[in-house]
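Here's the letter readout for the chains.
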Amino acid sequence: MKIKCEVCKTEYALPNDTTCPVRCAVCGNVWTPPRANRRSGIMVFIASLCALLAATIFAVAVIVTSRRDDPNKRPLVATITDVSTINEDENTPKIVVKGTVTNRSDDIYGLPDLIIVLYDAAGAPVVRQKFMPSATLLDAGQSVEFSHTLSGIEGGVKRVSVELMEAEQGGTK
Ligand SMILES: [Zn+2]
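Conventions and cut-offs
Residues numbered from 1 in each chain as written. Predicted model: local features only at pLDDT ≥ 70, side-chain atom pairs only at ≥ 80, totals over all residues. Pairing = 2+ DSSP bridges. Helix = DSSP H or I, 4+ residues; strand = E, 2+ residues; numbered from the N terminus. Axes fitted to C-alpha atoms, helices over the stretch in contact; angles between N-to-C directions. pLDDT = per-residue confidence, 0-100. Contact = placed C-beta atoms within 7 Å.

1. Focus on the sheet that holds strand S9 (residues 125-131)
Hydrogen bonding along the main chain pairs the strands of a sheet, whether they run parallel or antiparallel.
Argument step 1. Spatial ordering of the open sheet is given by S9-S8-S12, a layout of three strands whose pairing is antiparallel. Each of the sheet's edge strands pairs with one partner strand only, and the pair in question is S9 and strand S12 (157-164). Averaged over all adjacent pairs, the angle separating strand axes in this sheet is 20 degrees, with direction ignored.
Argument step 2. Of the pairings in the sheet, the one linking strand S8 (residues 114-120) to S9 comprises six bridges and is antiparallel in character. Residue Tyr119 lies in a different strand from S9, and its bridge partner there is Pro125.

Next up, the structure:
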């Protein structure tokens with residue numbers, strides 16, 4: 001291979017596998033032939049590529065994590081608008097829970113099953129009842145109302161909440 005002195009530009013012919021520093025016979029400059037430089041250049045390139053890849057994965061992980069943790073980023077939100085008790089039979093009143101599910105995202109979403117949870121005075125969940133909402137798909141920005149009647153409920157229910165079936169999506173708590 002041909003190399004050029006970096007200072008005086010004198011050309012030399014060297015064996016292709018020369019990797020040790022060479023001294024210019026004209027000006028005395030000592031430098032490492034370009035082949036070795038190019039190899040280290042490739043190593044720097046690979047290292048920076050790995051760093052970039054790691055940064056990208058890290059960024060994706062952060063986005064996914066924050067989307068899951070931030071309640072404002074949840075696409076579907078269930079809220080209770082009304083809870084009423086029907087006392088047809090004094091011992092086992094019926095509880096009617098009404099509310100809405102809203103799709104706050106810009107995408108269409110399939111509606112999961114909803115879970116009504118009843119809590120006693122101590123804050124312990126006493127009943128968890130799953131039901132299917134009337135709609136199966138929610139368009140972007142659309143809301144759907146739900147109404148669910150729970151019967152055979154013992155007295156002492158102090159709080160009602162609704163949850164979406166997916167673990168990461170909660171309703172009012
Ligand atoms: Zn030279």
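2. Concerning the confidence of the model for the chain
Argument step 1. The predicted model of the chain has a mean per-residue pLDDT of 79, with 76% of residues at 70 or higher.
Argument step 2. Confidence scores differ between elements of the chain, with helix H1 (residues 34-69) showing the lowest mean pLDDT of 62 and strand S11 (residues 143-150) the highest of 92.
Argument step 3. Scored below 50 in pLDDT, residues 167-173 makes 16 contacts in the model with residues more than four places away or belonging to other chains.

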